[in-house]
Amino acid sequence: MMSKKILVTQPALPPLEEFIPYLEKIWDNKWLTNNGPFHEQFEKELAAYLGVKYISVFSNGTLALITALQALRITGEVITTPFSFVATTHSLWWNNIKPVFVDIDNKYYNIDPAKIEAAITPRTTAIMPVHVYGNPCDVEEIQRIADVYGLRVIYDAAHAFAVKKDGQSVMNWGDLSILSFHATKVYNTIEGGAIVCQDEKTKQRIDLLKNFGFRNETTVIEPGINAKMNELQAAYGSLQLKYVDSYINNRLSLAQLYNSLLKGIAGITIMEVAEGVEHTYPYYPIRINAKEYGMTRDELYFKLQEYDVFGRRYFYPLISDFPTYKGLPSANTANLPVATQVSKEIICLPMYANLSAEDVKRICELIENKPWQK
Ligand SMILES: *Cc1c(COP(=O)(O)O)cnc(C)c1O
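Residues numbered from 1 in each chain as written. Predicted model: local features only at pLDDT ≥ 70, side-chain atom pairs only at ≥ 80, totals over all residues. Heavy atoms only, no water.

Some points on the sheet that holds strand E6 (residues 164-165)
One open sheet holds the three strands; their spatial order is E7-E6-E13, and the pairing between them is antiparallel. If you trace the sheet from one side to the other, it starts and ends with strand E7 (168-169) and strand E13 (277-278), each paired once. Judged from the two bridges that link them, E6 and E13 form a sheet pairing that is antiparallel. Bridge pairing in E13 links Lys164 to Glu278. (Pairing = 2+ DSSP bridges. Helix = DSSP H or I, 4+ residues; strand = E, 2+ residues; numbered from the N terminus.)

Considerations on the nonpolar core
Ranked by size, the top nonpolar core spans 53 residues in total, and within it Phe83, Tyr133, Tyr258, Leu262, Tyr284, Ile286 and Ile367 carry the most contacts. Residue assignment for this core shows that the elements contributing at least two residues are helix H8 (244-262), strand E12 (268-270), strand E14 (284-288), helix H10 (297-306), helix H12 (337-345), strand E15 (346-349) and helix H13 (357-369). When residues are assigned to domains, this core turns out to be shared by domain 1 (16-241) and domain 2 (244-373), each giving three or more. If we skip the residues at most four places from it in the chain, Ile367 touches Leu262, Ile265, Ile268, Ile286, Tyr293, Leu304 and Leu349. Ranked by size, the runner-up nonpolar core spans 37 residues in total, among them Phe42, Phe161, Val186 and Ala235. (Core = buried A, V, L, I, M, F, W, Y, C linked by side-chain atoms within 4.5 Å. Buried < 20%, exposed > 50% of the residue type's maximum accessible area, 1.4 Å probe, protein only. Domains from an automatic or database assignment. Contact = heavy atoms within 4.5 Å.)

Considerations on the packing of helix H3 (residues 61-71) against helix H6 (residues 200-209)
Helix-helix packing: each pair is described by the crossing angle between the helix axes and the interaxial distance. Packing of H3 against H6 leaves a shortest axis separation of 10 Å and a crossing angle of 125°. As summarised for this structure, H3 and H6 are arranged oblique, according to the angle between their axes. Handedness of the H3/H6 crossing: right-handed. Two secondary-structure elements touch here, H3 through Thr67, Gln70 and Ala71 and H6 through Arg205, Ile206 and Leu209. (Axes fitted to C-alpha atoms, helices over the stretch in contact; angles between N-to-C directions. Parallel < 35°, antiparallel > 145°, perpendicular 65-115°, else oblique. Left-handed = near helix turned anticlockwise from the far one by under 90°.)

Here's the deal with the domain arrangement of the protein chain
If you check the domain split of the protein chain, you get domain 1 (16-241) and domain 2 (244-373). In this structure, domain 1 and domain 2 have C-alpha centres spaced 25 Å apart. Across the contact, 41 residues belong to domain 1 and 38 residues belong to domain 2. Buried surface at the junction of domain 1 and domain 2, both sides included, amounts to about 3,500 Å², of which 64% is carbon and sulfur. Among the residues of domain 1 in contact with domain 2, Phe101, Tyr133 and Val186 are the three that bury the most area, contributing 22% of the side total. For the pair domain 1 and domain 2, the interface holds one salt bridge. Glu272 is the salt-bridge partner of Lys107, the closest N and O atoms lying 3.7 Å from each other. Where domain 1 packs against domain 2, one counts 15 residue pairs in polar contact (both at pLDDT 80 or more). (Buried area = accessible area lost by both parts, 1.4 Å probe. Salt bridge = Lys/Arg side-chain N within 4 Å of Asp/Glu carboxyl O. Polar contact = N/O pair within 3.5 Å; in protein donor to acceptor, adjacent residues only side chain to side chain.)

What to know about the site of the ligand
Taken together, 15 residues lie near the ligand, and Gly61, Thr62, Asp156, Ser180 and Lys185 sit nearest. At 2.7 Å from a nitrogen atom of the ligand is found a side-chain nitrogen or oxygen belonging to Asp156. Measuring from an oxygen atom of the ligand, one finds a side-chain N or O atom of Lys185 at 2.8 Å. Surface burial for the ligand is 93%, taken as the share of its 380 Å² of free accessible area covered by protein chains. Mapped onto the shell around the ligand, the elements with two or more residues apiece are H3 and helix H4 (87-93). Among the elements that make up the shell around the ligand, the one with the highest residue count is H3 (three residues). (Near = heavy atom within 4 Å. Areas by Shrake-Rupley, 256 points an atom, 1.4 Å probe, with all protein chains shown as cover.)

Overview of the packing of helix H2 (residues 37-50) against helix H7 (residues 231-241)
At a closest axis distance of 8 Å, the pairing of H2 and H7 adopts a crossing angle of 35°. For the pair H2 and H7, the sense of crossing is left-handed. Counted together, Pro37, Phe38, His39, Gln41, Phe42, Glu45, Leu46 and Tyr49 of H2 and Glu231, Ala234, Ala235, Gly237, Ser238 and Leu241 of H7 form the full contact between these two elements. Looking at the contact of H2 with H7, its residues break down into eight nonpolar, four polar and two charged. (Nonpolar A, V, L, I, M, F, W, Y, C, P; charged D, E, K, R; others polar.)

Details of the pairing of strand E8 (residues 176-180)
For E8, the tally of buried residues reaches five of five residues, placing the bulk of the element in the interior. Here E8 shows a buried face lined by Leu176, Ile178 and Ser180 and a second buried face lined by Ser177 and Leu179. Pairing analysis gives three bridges linking strand E5 (residues 152-156) to E8, with the strands arranged parallel. Looking across to E8, one finds that Asp156 is bridged to Ile178. Where E8 meets strand E9 (residues 193-197), five bridges bridge the pair, whose relative direction is antiparallel. By the bridge assignment, Leu179 is partnered in E9 with Ala194.

Take a look at the structure:
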């Protein structure tokens, strides 16, 4: 019917010729992994870029999440959101922790702080919220609750790379924040991830844990894992930092274009960005009110595919609907009315740094004019 397929995302790569000198250095060094020079340089550059004090890079975001829970010795029950990528809850499962799902708010789609206290039991040790779509959680209120009950706060910040709130990194809230640099994210190191922490001792502990627990040649202090980032990815990450601002600026102008073209359409709700937030638009979600729009989200999703536009139903199904978690009392849909509703209405439209304005216009024209009805 139409020409080329527009996929929901496409990774942004730096110019190949600029990567070659980095590779030549690695070939000269013959240092491929285990805290090499690029790894060290990359952690410094990344901390400076993000405006955080301590960061430890990982081979991927999921291992960073799993290790973060180990680093703080989290056990028992952890309060979390069902409206996220499965890795958030899987990291709890891998640590033998029982996830307790709490519903989300209807505007920014993050865990609803007003519903957290009712989910706390004597076994609760931490809260693991997610800054979904890069929208900062209500970090002040979450911290207030955590302080009252003596809980740790570990943010899954996989969507929040470079997101700022009131002028500072959103990763400066909570005990730990976890990033993902997977190919599909705003900023990628092919695969990769990181833990941001607030003090040097915690960083040292995290660094031990990602390297089998080795303190020195002969001392293993506890069963760590192998989650180190290698030199090729660290070098690539270092080069990517030179381009990430341009990636983010492109996303911002595409989001503006989407906003202006979709705003007036009956039954379509665009995502709001809270005041004081510097957003990066890792995703471009819209909500479909089937009654007002005249089609359900699923009908639109499949219809767009016929016109070569491939959105994604992030996050549908909810994590709490997957077989592993479905049986938990907190996974009951009666406990999660907002998340259930949002997951039925949301669709993420194509969004990536190299998406063209023409493609955005074409997508919006399809949504507005519904040519399939003619
Ligand atoms: C991508 C993502 C992860 C997993 O990161 P990987 O680097 O792919 O392991 C975890 N949580 C959320 C919310 C994500 O979007």
